[in-house]
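Residue-level listing of the chains:
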Amino acid sequence: MPVEDGEVVRWRGFREKIGRTPTADARTNEHLILTPLVLVAACFVVELFRLRRRNALLQKLQGPESKSFWFGNDHEMRYQKEVGDCEFEWMRRYGGAWRRSAPLGVSVSTPTGDVTFTYPSHVWIHYPKGTLPNIVTEMITGNGLFGRMLVQKWKDEVIPADPSGQPLVNVTQWFSRTTLDIIGGAGFDFQFGSLDNLRTSLSEQYQNLFIDSTLYPSDWDVLFKATWRLIPESLLSYVRYLPSREYSRFRRYLDFTRNFAREIIQKSIIKGDGKDIMSVLLRANASEDPKSRMSNDELVDQVSTLLLAGHDTTSNSLSWFFYEIAQHPESQQRIREEIAAVRERNKGDITAADLDSMTYTQAALKESMRLNPIIWLLMRVPSRDDVIPLAFPITGKSGEQMTSIPIRAGTPILLCISGYNRHPEVWGEDAHKWNPERFLNPDKTRQTSVGVFANLLNFSGGLRGCIGWRFSILEMQMIAITLLENFEFSMPPPNEKTRVYRKPSGIMMPMCEGELGVWLGLVIKALN
């Protein structure tokens, strides 16, 4: 006997259990339930037909074979052991753009960023110059604050606790606490105290947030998200109340940070004349036309956004930077030589203005970000029919050379940042290898200018480029300088328990088999 649909089996079991055929009232209730379900199913079929029609233009593209109508290639992407396991292989086979099957038979164009981006030169969001870089620099290095506090914590507490004097340290956890304190001071003039306390109520909210909520989602969640385009946005706001881990974790985080944000806003209002981001935002909002002002709820959510974007991505980028230079001691030495040269020239101090002259330090940071993009995928959906020009031609299904991709409005486009950042046509045949020199002597004939920093897409670009990218870069540079002056970083002895994996959660997280949660362990040694 063939296996029957689970819903049918359950319904028949229910009827047998009560031991009778449904009455007329029961049949009426059945119709009341089934009618909207039929309507929803009909809408779903119509929308699916429309999506497949949109995708007809993508059929000329090569791409991996879909292994399932229900999940397409999503399982391969979402359940890969490391970021890049799938996309690097697909890029090698198909070039800079390919067709990938999404759940429910929908096709998605997946360019690796070799499309020709053009942004109007007048479209920029300006920030005041002069004060912010110096404030950030002082917060990290001046008067022993934050960066110096981290140095002292390691020298006074972490290193003495290890008999060898060279402990294995989960640097990601420490960087998260450091950057959280920095965004607290610069963003809100608020002392979070994360470096002083291993577990504060705020830092606990960020502990493994993306791993708990986005890493290796359940099958039902993948299918459920595939139907979101059918659900009105006003209803989608209620998905946060679903009981599964994918939603309950973010709900707890958001509920906490909203309450926390109200406290921060109230203190900023009382203070009135602060120079932090929140105080400036409140004053700017008060001077706006009442019709264009942000509501109180919108202001609260701005705090949540600044907290998350202002520390979590930066701390993970720092972790990968030190992971890379721990494998390349020659890079560490060159950076220390640059630091020493600047200090000798300035009689001790390093300011934000000095960073541009530290060319190798900048090149090493750029190279780490290229190899390890924290945001490794971006989804975009065009609002109108368009043609995407390609900087480098690709070979279509029938063998023809394609220099552009026609797309219909509503077609999902997945920007594979991890693929673009290692595209050999852009970065050379050694695109998968550590080579900061490529940023000291760039081959500009290969590269189309994209993004807001270093021809990378880590901060996206154009109107949707990250508005805090300058703050983040400055923060990473100053923390890196402070730590490399005081410590030597190296890899632990190689074994499976300490091997670090680039996990494909919402942002690319370091993890290893032998530890729970986010973990990137490096051996640190204090320098004289």
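First things first, this report covers the structure right here in the doc. (Residues numbered from 1 in each chain as written. Predicted model: local features only at pLDDT ≥ 70, side-chain atom pairs only at ≥ 80, totals over all residues. Heavy atoms only, no water.)

1. Side note on unusual backbone geometry
Link 1 in the chain: A positive phi angle, near 60°, is found at A454, a position not held by glycine.
Link 2 in the chain: For A454, the position within the fold is in the loop between α19 (437-440) and α20 (469-486).
Link 3 in the chain: For A454, a relative accessible area of 24% gives the class partly exposed.
Link 4 in the chain: Not every positive phi belongs to a glycine, and S460 is a case in point at roughly 60°.
Link 5 in the chain: Mapped onto the secondary structure, S460 falls in the loop between α19 and α20. (Helix = DSSP H or I, 4+ residues; strand = E, 2+ residues; numbered from the N terminus. Buried < 20%, exposed > 50% of the residue type's maximum accessible area, 1.4 Å probe, protein only.)

2. Considerations on the environment of R100
Link 1 in the chain: As for its position among the elements, R100 is in strand β1 (residues 97-101).
Link 2 in the chain: When its relative accessible area of 5% is taken as the criterion, R100 is described as buried.
Link 3 in the chain: Sequence spacing of R100 and Q62 is 38 residues, and the spatial spacing of their C-alpha atoms is 8.7 Å.
Link 4 in the chain: Side-chain polar atoms of R100 contact the side chain of D74, separated by 2.5 Å. (Polar contact = N/O pair within 3.5 Å; in protein donor to acceptor, adjacent residues only side chain to side chain.)

3. Description of the side chain of N372
Link 1 in the chain: Turning to its location among the elements, N372 is positioned in the loop between α16 (359-371) and β4 (377-380).
Link 2 in the chain: Beyond its immediate chain neighbours, meaning those up to four positions away, N372 contacts W320, E324, N458, R502 and M508. (Contact = heavy atoms within 4.5 Å.)

4. Let's talk about the pairing of strand β5 (residues 386-395)
Link 1 in the chain: Of the strand pairs in this sheet, β5 and strand β6 (residues 401-407) are connected by 6 bridges, and their pairing is antiparallel. What sits directly across from T395, in β6, is Q401. (Pairing = 2+ DSSP bridges.)

5. Things to note about the sheet that holds strand β3 (residues 168-170)
Link 1 in the chain: An order of β3-β11-β8 is seen for the 3 strands of this open sheet, with the pairing classed as antiparallel. Lying at the two open borders of the sheet, with one neighbouring strand each, are β3 and β8 (487-490). Adjacent strand axes in the sheet meet at a mean angle of 45°, parallel and antiparallel pairs treated alike.
Link 2 in the chain: Both β8 and strand β11 (residues 521-526) contribute to a ladder of 4 bridges, which runs antiparallel. Bridging from a neighbouring strand, F489 pairs with I524 of β11.
Link 3 in the chain: The sheet strands contacting helix α7 (residues 171-188) are β3 and β11, and the helix crosses β3 at an angle near 45°. (Axes fitted to C-alpha atoms, helices over the stretch in contact; angles between N-to-C directions.)

6. Some points on helix α15 (residues 329-346)
For an α-helix, the turn length of 3.6 residues means that residues three or four places apart are oriented alike.
Link 1 in the chain: Across its 18 residues, α15 extends 26 Å between first and last C-alpha, which sits within 8% of the 26 Å expected from 1.5 Å per residue.
Link 2 in the chain: Within α15 the residues assigned to the buried category are S331, Q332, I335, R336, E338, I339 and V342. Mapping the buried residues of α15 onto a view down its axis gives an arc of 160°, with all of them on the same face. Exposed and oriented more than 90 degrees from the buried face of α15 are P329 and E344.
Link 3 in the chain: Buried-residue contacts for α15 involve α14 (296-326), α16, α20 and β8.
Link 4 in the chain: Downstream of α15 by one or two residues, K347 has phi in the positive range, about 60°. (Expected span 1.5 Å × (residues − 1). Arc of directions from axis to C-beta.)

7. Examining the layout of surface pockets
Link 1 in the chain: Counted as a void, the second largest pocket has a volume near 310 Å³.
Link 2 in the chain: In terms of lining, the second largest pocket is formed by 23 residues, of which the most central are Q173, S176, Y206, Q207 and N208.
Link 3 in the chain: For the lining of the second largest pocket, the secondary-structure elements that each account for two or more residues are α7, α8 (201-206), α9 (209-214) and α14.
Link 4 in the chain: Ranked by the residues each element gives to the lining of the second largest pocket, the list is headed by α7, at 5 residues.
Link 5 in the chain: Among the residues making up the lining of the second largest pocket, the classes are represented as 8 nonpolar, 11 polar and 4 charged. (1 Å grid on protein atoms, 1.4 Å probe; cavity = no way out; pocket = protein on both sides within 12 Å on 5 of 7 lines; lining within 4 Å. Points joined across faces, edges and corners; volume = space filled by probe spheres on them. Nonpolar A, V, L, I, M, F, W, Y, C, P; charged D, E, K, R; others polar.)

8. Here's the deal with the packing of aromatic side chains
Link 1 in the chain: The full count for this structure, using the stated rule, is 25 aromatic pairs.
Link 2 in the chain: Judged by centre distance (6.0 Å) and plane angle (15°), the rings of F256 and F260 are stacked. On the criterion of helical spacing, the pair formed by F256 and F260 is a turn pair, its members being 4 residues apart in helix α12 (residues 245-271).
Link 3 in the chain: Pairing Y420 with W427 gives two aromatic rings, centres 6.2 Å apart and planes at 70°, and the pair type is edge-to-face.
Link 4 in the chain: Judged by relative accessible area, which is 2%, Y420 ranks as buried.
Link 5 in the chain: One cation-aromatic arrangement involves R177 over W174; the distance from NZ or CZ to the ring centre is 4.3 Å. (Phe/Tyr/Trp six-rings, centres within 6.5 Å; stacked < 30°, edge-to-face > 60°. Lys NZ or Arg CZ within 6 Å of the ring centre and 35° of its normal.)

9. Side note on the nonpolar core
Link 1 in the chain: Ranked by internal contacts, the top residues of the largest apolar core, which has 114 residues, are W154, F192, F322, L483 and F489.
Link 2 in the chain: The dominant element in this core, judged by the number of residues it contributes, is α14, at 12 residues.
Link 3 in the chain: Excluding residues that lie within four positions of it along the chain, W154 makes contacts with I159, P160, V169, V171, W174, F175, L483, F487, F489 and I524. (Core = buried A, V, L, I, M, F, W, Y, C linked by side-chain atoms within 4.5 Å.)

10. Let's talk about the packing of helix α6 (residues 147-158) against α20
Link 1 in the chain: Packing of α6 against α20 brings their axes to within 9 Å, and their N-to-C directions diverge by 30°. Considering their axes alone, α6 and α20 lie roughly parallel with respect to each other. Considering only the axes of α6 and α20, their crossing is right-handed. Residue-level contacts link G147, R148, L150, V151, W154 and K155 of α6 to T482, L483, E485 and N486 of α20. (Parallel < 35°, antiparallel > 145°, perpendicular 65-115°, else oblique. Left-handed = near helix turned anticlockwise from the far one by under 90°.)

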